[in-house]
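For reference, the chains in residue letters:
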Amino acid sequence: MGDQSTQSSILEVKSVRKTYKLGRVKVPVLHGVDLTVHHKEWITILGASGSGKSTLMHLIGGLDRPDRYPEDPASIVYGDRVITSLGAKALDRYRSTEVGFVFQFYHLLPELDVLGNVCIGAMIRHGRWGYVSNRRSVEKRAKELLERFGLSERIKHRPAELSGGERQRVAIARALINEPAMLLADEPTGNLDLKTGESILEVLAELQRDSGLTMVMVTHDERIAARADRVIRLLDGRVQEQTAPQSV
Amino acid sequence: MIVYTRSVYQALLTKKYLTSKLMPILAMLAVMLSVATILITWSVMGGFLKTLVNSGRSLIGDVTVSWPNVGFAHYDELIGMLEEDELVEGATPIIETFGLIQLPDDRIELITIKGIDVQSYNRVTNYEDTIWWKPIDEPTAKDKDASDVRLEPDYTQAMEMFRSNAMTLTRRNPESGITEQAGVLGVEVTGLNVRTHDGIYDPRSFGFRALPDGGVERVPGFMPAGGSVGLTVLSLDSTGKPVDPVTRTIPIANEFQSGIYEIDTSTIFVPLDVMQEMLRLDEARKVEVVENPFATEIDPETGQRRPKRSEVIGIDPARVTTVLVKAKEGANLQQVRDRVYAIYQLFEDKHKGEVPSSFSMDNQIRTWEEMNATMINAVKKETGLVLFIFGIVSFTSVFLVLAIFWSMVSEKTKDIGILRALGASTPGVAWLWIRYGTAIGLIGATVGTAVGIAVVRNINGIHDWLGETFNLVIWDPRTYYFIEIPHEVEIPKAVIVFVVGVLTCVLGSLIPAFRSARMDPVKALRFE
């Protein structure tokens, strides 16, 4: 569990709406979501398939932008930065420095080995000269993370040579390489068997607890949601309720 | 300082994409083939043009001063004035005219006759190099089995004599023992020299001449050893009016090969004074014509009355139709031409009324390039056309690269989404693909240029191998006049082809790069 004493917010989501266009048809996904995430908190966004939970995570992560309604403007504020108002360059910087993504299908780059996949986030963050000067420390951190996740023997392996659980641990190491303050995990165990999923959850819980990481996890599994500090239940694009895990 | 574009990740992914996929290798192959094809074509065509031009230039000097048919007088003085100039290496008088040639088999053909002063002509042109029958030490490039008769030690003395004859334009008459003035014939004129696929000439030992009674008579096949031709020209008086045809038998001292088929099939060199005499361009006495045919006068020697004779009132100097000028090494030809014209103006001032006006001569003083403009331009246009066609064919590699990249961007859609999620910027993602295209272009163009240069440098060896292995002969010296396929790799051309090859790839990668940059990262991540 996260440190409940730290109650200052790291993220505030207000009136966020999102509509997708499928050809000529407009499909509203989020209908005005309000949400606050505190420092070092682990929240779980729980919802059925199509409820808009992944969309919300993408918006929080700066991968997408909410709809614009001048009469009720949406805003996502991270720390003192209004994410919804950031330019493309600042948004790129936000994604590379402040948040780390973990996806259901791992999304590793198949041509790179494990070490390359973990380091690529740092390469993007630091640029050519920055990476050259930080290379040693970046690789040291990558190896530490991989060792921590039991992958120190696999650093030269390609993703295709790894099991699902190993791939997801590599993806978690990649998300953490730039020491983000917030981890965004989209169904991180959704593609794993129960036992492997459990081990991944253990890894994430330990990280959140030990590193004081703020974690936003998307899941449809109430059992997983029960491990979070707080559960945001999303139904048809709206926050239905925010509850403590005991009541889930 | 944080840099968001041109990052290490682009270099790493470019390297990985290049080495782990078949498609970039195909793209590189396409670029390589295009670059090599263009370079080989350009080099061979360029070499062909250069060889052709050099061959054409070999017998015409750098600048010509020409007044056709009737010619101009005092040419020795003009040559003296020209040779005093710092831009002029030397000058020589020639007479160039057309006539009829009667060949050993009694065929009569039109021929270009050049009356030359062989010593000065050899200084101004490459005349000696063009003489065919002479001893040689090494077989020519295609003569693999050294079957050239000129290599035969038994014939060395004879060949030396033929060369000497060509350099003096004389031949000793074996019957009378008298040394006669002789001509040097283009090696293709008689048709008695058979050009082999080794690029050498195999002279027939004899030819045939049809007789009026229906029989045939053997005639000498090897012209320098006893062959003669009949030359007929139409002489003109100093005003250009035809006087009468003049025919003369000319022994053949040797044969020449300039490398230009047109010249070698229809040209004969004869001594300058022979042509001056035949065309009545030699020095002549000017006489006062006696208008009354019955007029008489007293012979001062006998004191007796005799029909009145014409009175000599002056000398009409010898004339030539052309003066060839050789420029000093490295001199600008147009500058030399202008200088020659200026000298001619001075020359005209000295001989007002006796030589063509400098106004008329303005178009008759020309550089060798101007003289051969038609031929050079034809080959240049041909080269341009071939390059244009190959260029269009090679331009398809742009679309090939585009298609390959389009397909790769589609295949790598998820990777683009991942990179964007990790903070890669849109220019950074676009740059990844442009960089990738540039890498393919650089590798393909480098290999293509190297292959092109290697092929061009060894094109004759490759051609020989194709001939020996597959019986595939594209360049037959019997058809093409140069023994070997002309070729020349010019560094500026190679650089142009290389740069265009790289740009082609960059161009082909631009649209897929912009497509990847515009990709919605969320859609990219969800792409299946």
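Residues numbered from 1 in each chain as written. Chains lettered and ligands numbered in written order. Predicted model: local features only at pLDDT ≥ 70, side-chain atom pairs only at ≥ 80, totals over all residues.

For interface size, the figure often reported is the accessible area lost on association. Each partner contributes to the interface: chain B provides 26 residues, whereas chain A provides 27 residues. Secondary structure elements with two or more residues in the side of chain B that touches chain A: helix 1 (8-20), helix 13 (413-421) and helix 17 (521-526) of chain B. (Contact = placed C-beta atoms within 7 Å. Helix = DSSP H or I, 4+ residues; strand = E, 2+ residues; numbered from the N terminus.)

Quick look at the environment of Ala331 of chain B now. Residues and elements named next belong to chain B. By the element assignment, Ala331 lies in the loop between strand 20 (322-327) and helix 9 (333-350). Taking the C-alpha atoms as reference points, Ala331 and Leu87, 244 residues apart in sequence, are found 6.6 Å from one another. Sequence-distant contacts of Ala331, defined by excluding residues within four places in its chain, comprise Leu87 and Val336.

The next point concerns helix 3 (residues 114-148) of chain A. Residues and elements named next belong to chain A. When the terminal C-alpha atoms of helix 3 are compared, their 14 Å separation across 35 residues is substantially less than the 51 Å that a helix rising 1.5 Å per residue should span. Of all the bends in helix 3, the greatest, near 120°, is centred on Gly127. Looking one or two places after helix 3, you find Gly150, whose phi comes out positive at around 75°. (Expected span 1.5 Å × (residues − 1). Bend = angle between axes of the 7 residues up to and from the residue.)

Take the packing of helix 4 (residues 164-176) of chain A against helix 5 (residues 194-211) of chain A next. Residue and element names in this part refer to chain A. Running from amino to carboxyl end, helix 4 crosses helix 5 at an angle of 20°, the nearest separation of the two axes being 10 Å. As far as their axial angle goes, helix 5 and helix 4 are roughly parallel. Crossing handedness for the pair helix 4 and helix 5: right-handed. Judged by residue contacts, Gly164, Gly165, Gln168, Arg169 and Ile172 of helix 4 engage Thr196, Ser199, Ile200, Val203 and Leu204 from helix 5. Each residue belonging to the contact of helix 4 with helix 5 can be placed in one class, and the counts come to four nonpolar, five polar and one charged. (Axes fitted to C-alpha atoms, helices over the stretch in contact; angles between N-to-C directions. Parallel < 35°, antiparallel > 145°, perpendicular 65-115°, else oblique. Left-handed = near helix turned anticlockwise from the far one by under 90°. Nonpolar A, V, L, I, M, F, W, Y, C, P; charged D, E, K, R; others polar.)

As a further point, take the pairing of strand 3 (residues 42-47) of chain A. All names here are of chain A. The buried fraction of strand 3 amounts to six of the six residues, a majority that puts the element mostly inside the structure. Alternating positions in strand 3 separate into two faces, Trp42, Thr44 and Leu46 on one and Ile43, Ile45 and Gly47 on the other, with burial throughout. Two elements, strand 3 and strand 8 (residues 214-219), share five bridges in a ladder whose sense is parallel. Its bridge partner being in strand 8, Leu46 is matched across the sheet by Thr219. Note: strand 3 against strand 9 (residues 230-235), five bridges, orientation parallel. Looking at the pairing, Ile43 lines up with Arg230 of strand 9. (Buried ≥ 20, exposed ≤ 12 C-beta atoms within 10 Å, placed from the backbone. Pairing = 2+ DSSP bridges.)

Residue and element names in this part refer to chain B. Averaged over every residue, the pLDDT of chain B is 86; residues scoring 70 or more account for 97%. Here strand 15 (residues 284-288) is the element of chain B with the lowest mean pLDDT, 74, and strand 14 (residues 267-271) is the one with the highest, 97. Below pLDDT 50 for its whole length, residues 1-5 participates in 17 contacts with residues either more than four positions away or in separate chains. (pLDDT = per-residue confidence, 0-100.)

Counting 121 residues, the largest nonpolar core has Ala173 and Val216 of chain A as its most contacted members. When residues in this core are grouped by element, the largest group, 13 residues, is from helix 2 (residues 23-57) of chain B. Setting aside residues no more than four positions away along its own chain, Val216 of chain A makes contact with Val37, Ile43, Ile45, Met57, Ile60, Met182 and Leu184 of chain A. Counting residues in hydrophobic clusters, the runner-up holds 75 residues, among them Ile79, Ile252, Met275 and Leu281 of chain B. (Core = buried A, V, L, I, M, F, W, Y, C linked by C-beta atoms within 7 Å.)

Right, let's talk about the sheet that holds strand 9 of chain A for a bit. Residue and element names in this part refer to chain A. Spatial ordering of the open sheet is given by 6-7-8-3-9-10, a layout of six strands whose pairing is mixed. Strands at the two margins of the open sheet, each flanked by one partner only, are strand 6 (99-102) and strand 10 (238-243). Across this sheet, the average inter-strand angle for adjacent strands is 20°, counted without regard to direction. Contacts between helix 1 (residues 53-60) and the sheet are confined to strand 3, strand 7 (182-186), strand 8 and strand 9, with strand 8 contributing the most and set at about 150° to the helix.

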